[in-house]
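A look at the structure
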Amino acid sequence: MSESIDKITKLANEAKKEVERLEDRRQEHLGNSINYIENEIQIQRLYAKVEALEEALDAIR
């Protein structure tokens, strides 16, 4: 079970890093509103993924 916890933790950490990267992109000029919206959708999707992974960790523990 420790392997599962490690794998889920790694996936959650990677998703959090990606959220940080995309949040930093908010400061850049994204060219047009479509790029901005796509960036925001990716951020929201990753927030949901992190939440799901953390819930899975809680269930395992």
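Residues numbered from 1 in each chain as written. Predicted model: local features only at pLDDT ≥ 70, side-chain atom pairs only at ≥ 80, totals over all residues. Heavy atoms only, no water.

Moving on to the overall build of the chain. Scanning the chain for helices and strands turns up two helices and zero strands. Since a compact globule built from 61 residues should have a radius of gyration of about 10 Å, the 14 Å found for the chain marks it as more spread out than a globular shape. Residues counted as buried form 21% of the 61 residues belonging to the chain. For the chain, the exposed surface amounts to about 4700 Å²; the carbon and sulfur share of it is 50%. The averaged location of the 14 negative side-chain charges in the chain is 4 Å from the averaged location of its 10 positive side-chain charges. (Helix = DSSP H or I, 4+ residues; strand = E, 2+ residues; numbered from the N terminus. Rg over C-alpha atoms; globule rule 2.2 N^0.38 Å. Buried < 20%, exposed > 50% of the residue type's maximum accessible area, 1.4 Å probe, protein only. Areas by Shrake-Rupley, 256 points an atom, 1.4 Å probe, with all protein chains shown as cover. Lys, Arg positive; Asp, Glu negative; His and termini not counted. Charge placed at Lys NZ, Arg CZ, Asp CG, Glu CD.)

Looking now at the nonpolar core. Side chains of a nonpolar character, in soluble globular proteins, are inclined to be buried together. Counting residues in each nonpolar core, the largest one holds six residues, listed as Ala15, Val19, Leu22, Ile43, Leu46 and Val50. In this structure Val19 touches Ile43, Leu46 and Tyr47, once residues within four positions along its chain are discounted. (Core = buried A, V, L, I, M, F, W, Y, C linked by side-chain atoms within 4.5 Å. Contact = heavy atoms within 4.5 Å.)

Enumeration according to the criterion identifies three salt bridges in this entry. With its nearest N and O atoms 2.7 Å apart, the salt bridge here joins Glu18 to Arg21. Note that Glu18 and Arg21 are positioned in helix α1 (residues 2-25) at a spacing of three residues, about one turn of the helix. The exposure class of Arg21 is partly exposed, given its relative accessible area of 43%. (Salt bridge = Lys/Arg side-chain N within 4 Å of Asp/Glu carboxyl O.)

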